[in-house]
Each structure stands twice: as C-alpha cells, then as structure tokens.
Amino acid sequence: MITLTVFFLLLFAGLPIFGVILAAAITFLFTNDLTLLFDSIPIQFYGALEINSLLAIPLFMLVGEVMNRAGLTQRLVALAEVMVGNLKGGLAYANLITNAMAASILGSAVAQIGVMSKVMIPEMEKKGYPRAFSGAVTVSAGLLGPIIPPSMLMIIYGVVAVQPIAPLFIAGIVPGLIIVVALATVIFLTGVFGPGLPSGVSGGVQRSAKVVVDGLLPAVIPVVVIVGIMSGVMTPTESGAVASIIALGLGFAYRNLRLRDLVPILLAVALSTATITGLIGIASVLSWALAFQGVPDLLVSYMSSLTQSPTAFLLLTILVFIVLGMFLESISVLIVVVPLLMPVVTQLGIDPIHFGVVCTVATVIGLVTPPVGPGLYIAMVAADIRMGPLFVATIPFLLAVVLCLVVIAVVPTLSTWLPSLMVG
C-alpha cells in the first residue's frame, strides 16, 4: 500500500513516469527490508535492454519518420481517396483506409494521430465535414497504429512477457481488420441517421491513374513487412531494416528527402527510442523487485480466488487496462502490469499471443479517454476544438472498438489463426 500510495502521489504530482516507477521500486525495496538489492539495480536495468527484439523499435520509428518527412503519407491519403471515389462520406472512409495503411508502417497510435490530424482534419473540415466528427474519425482510426503490424506495443509486450515478436505481429492483422470494419460501420450509420456527410469527389481517370501509381510504391512497405515475416524470410527486426531502406529510397527518389533531413530524423528516432527503452529498463527493476518478494504469486492466488474462467479473467483484464490507460501512458501500463499477470495467464491456460492482442487493444483505448487521453489532446490542437465536443463525437467509435475487443477476447481464434499459418 505504501508503494502504491507513493506511485499515485508522484504520478498526480506531475513527475515523469520514469521517475514515478523508479521511486516506486526504491520505496518497495525500502519498506520490505530489501536494501541489499540496490547494488543489483544497474545489472537488472541493463539486462532488460540486452534483448535483440528491441532493435525493431528504432527501425520502425525510422520508417515512420521518413514516411512523414518525405510526404509518403500524403500519397497514401490520395490513394485512399481514389479508392472510395464519390461514395457518401468518402473522405471519412479515406481517412480510415489511410490510417489502416499507415498503421502497417508507423506502429504507434500517438505518432499516427499526430500525423493524420495535421493532414486529414483540416481537409475534412474544408470539404464540409463537422469539425468534431473529423477529429473523432482521425483519433479513432489512429488507434489502429499499435494493432495492425508492425506495432511498438506488440514489441514491448513480447519483451516483457518473453514471447516471440513475429507471431504477435501477425496476430494483430485479423483483429485490426475487424476494428476497421466496425469503424466503417459507424461512419456509414452516421451518414444514414446523422446530419449527413458530403460525398467524395471523383478526379477523373487520368488523375486517378497518376495517384494510384504514386501511392502504390509506399503501399508496398507494409506488404513487404507482413509477407516477409509470415513467410519466415525475415525476422521483425530484419523487416524493419528492409522497410527503412525502402522508405529512404522512395524519399530520395521522389526528391522530398535530402541528406540534411537525416539529422533531425535520426535525432527524433534516438530520443523516442531512449524514452521507450528507459521505461522498459526501469519497469523491469520494479517487476524484478515485486517478483523477489513473491507478489506475482500472491496475485495468482487472489485472481484464482476470484475466477477460474479464462474469459472472465480476460474481461477483468480489459477493465483494468482501460482504467489504467485513462491515467497512464500505454507503454507504461504494459511494462508494469503484464509481468504481474503472466503467471495467471499461464495457470489459466490462456494463449500468451492472444493475451498480447487483448492487452494491446485494451491499452490503446486509454489514448482517447479523459482525463489524460493524449490522442484527444493532439486532435484538439489540430482541430482547434474543446475536449467535450470531441470526446462526445468519439463515443460511438469508442464503443465500437470496445465491442470488437470483447469479441476478440471471447474468440481466441481471431488472434491465433494467422500465426498458426506462419512458415517456420
């Protein structure tokens, strides 16, 4: 209780999450007479980062940075607009399709919402879409970032849960597509029963053909990643390296990227990677301290007394992750909670790959729920709108994602089918 009190007091005091977790770990060691373990903290911190799978994080971040700065994301937007044609609500569907394609490149919800908010919200508003609706579509579709591979959260889950990254990547494809269909259904129902949505605009055969040609090459990147991993030709880390090379090549070929642009790109990647790996390292110290005192075993006993049903446990886990996601950053939630729950997952016979998908989807929901809701704040700035109207417009999309999450939790095959088909 003392550790929890220190954790939440420092969290609400505004201390960076890195410092909050470190303070909690030190408090736990002090209050349990484990100060002799202090000398082992640096070793534990370093050991948590000495994992090859973590190399995939900076590589996929590099792909995302290059895509944004080289204008490749805008080409995907144009391609998506051509795909929907003059369909009613066309630009909203194009927003969703672009996010689905970008999700297979960026791998981060916050990064994706940041990029797409700048591109899509002003464009949708200019075409006559309500400002709150434009922000809601962009924020909700941005949640696909950590679900459709590659995914930063899947990599982090794989590291903290000691699971292979490749099956986790592939396991997110079907759930991601289910969520895409659910969000598209919300857009359709809004167009039918709501205030009405503008129709898309057909740009003519010649222009459409040019847009398709320009957008096909950037769209090859996710295909290379997914096919390479599923065929066994590449590991997730190798696929990240190949995707980076393709993105850099396209950026220079389109002349939207210059050598001097590489410095800010690499700096941004280095800073983001340092933040994530620092969190993983310090959270591993807390998890190690808790495990040393037998806290996971106590949690297993407590959860077993509550339920022996895998489905009930998953639904309870979803609730915990959504509530924690309202206050904590998604990465922090994963790296602190997952190591504690894995013994329960093993005891109940839940597939750890399926559990990873459930945890990932549940965690990202917190990005669009107040009071923290970083995804909402990003869209608020881009759309110049207050949180109230934006969140109200987001609620139908949020309910659709939660419904999909429950279905995914109840039907494990949706997560485990594709990984079972992987070569090797």
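Cut-offs used in this document
- Residues numbered from 1 in each chain as written.
- Predicted model: local features only at pLDDT ≥ 70, side-chain atom pairs only at ≥ 80, totals over all residues.
- Heavy atoms only, no water.
- Patch = residues over 30% accessible without salt bridge, like charges linked within 9 Å, V, L, I, M, F, W, Y side chains within 5 Å.
- Areas by Shrake-Rupley, 256 points an atom, 1.4 Å probe, with all protein chains shown as cover.
- Salt bridge = Lys/Arg side-chain N within 4 Å of Asp/Glu carboxyl O.
- Helix = DSSP H or I, 4+ residues; strand = E, 2+ residues; numbered from the N terminus.
- Phe/Tyr/Trp six-rings, centres within 6.5 Å; stacked < 30°, edge-to-face > 60°.
- Buried < 20%, exposed > 50% of the residue type's maximum accessible area, 1.4 Å probe, protein only.
- Lys NZ or Arg CZ within 6 Å of the ring centre and 35° of its normal.
- Axes fitted to C-alpha atoms, helices over the stretch in contact; angles between N-to-C directions.
- Parallel < 35°, antiparallel > 145°, perpendicular 65-115°, else oblique.
- Contact = heavy atoms within 4.5 Å.
- Nonpolar A, V, L, I, M, F, W, Y, C, P; charged D, E, K, R; others polar.
- Core = buried A, V, L, I, M, F, W, Y, C linked by side-chain atoms within 4.5 Å.
- pLDDT = per-residue confidence, 0-100.

Nonpolar side chains collect at one region of the surface, where Leu 4, Phe 8, Phe 12, Tyr 302, Leu 306, Leu 316, Leu 319, Val 320, Val 323 and Phe 327 lie side by side and expose about 920 Å² of accessible area between them. Where the nonpolar patch is concerned, the elements lending two or more residues are helix 1 (2–12), helix 15 (295–306) and helix 16 (310–325). Looking at which element gives the most residues to the nonpolar patch, the answer is helix 16, with four residues. Summarising the element assignment, Tyr 302 is placed in helix 15.

Here the focus is the packing of aromatic side chains. One pass over the structure, following the stated rule, counts five aromatic pairs. Consider the rings of Tyr 129 and Phe 133, whose centres lie 6.5 Å apart with planes at 10 degrees: the pair is stacked. Per residue, the accessibility class of Tyr 129 equals that of Phe 133, and both read buried. Ring geometry for Tyr 157 versus Phe 355: centroids 6.4 Å apart, planes at 55 degrees, classification tilted. In this pair, Tyr 157 sits in helix 9 (residues 152–161) while Phe 355 sits in helix 18 (residues 352–365), placing the two residues 198 residues apart along the sequence. Over the aromatic face of Tyr 254 sits the side chain of Arg 75, whose NZ or CZ is 3.6 Å from the ring centroid.

Take the packing of helix 16 against helix 17 (residues 330–348) next. With their axes 12 Å apart at the nearest point, helix 16 and helix 17 run at an angle of 175 degrees to one another. Overall, the two elements helix 16 and helix 17 adopt an arrangement that is roughly antiparallel. Facing helix 16, whose interface residues are Pro 310, Phe 313, Thr 317, Phe 321, Leu 324 and Gly 325, helix 17 presents Val 333, Leu 334, Val 337, Val 338, Leu 341, Val 344, Val 345 and Leu 348. Residue composition of the contact of helix 16 with helix 17, grouped by class: 12 nonpolar, two polar and no charged.

Within the largest apolar cluster, 150 residues are counted, with the highest numbers of intra-cluster contacts made by Ile 21, Ile 57, Phe 133, Ile 187, Phe 313, Phe 321 and Phe 355. Per-element accounting of this core gives the leading share, 13 residues, to helix 17. Not counting residues up to four positions away in its chain, the partners in contact with Phe 133 are Ala 92, Met 124, Ile 187, Thr 190, Leu 197, Ala 393 and Phe 397.

Mean pLDDT over the chain stands at 82; residues scoring 70 or higher make up 94%. The least confident element of the chain is helix 19 (residues 374–383), whose mean pLDDT is 73; the most confident is helix 18, at 92.

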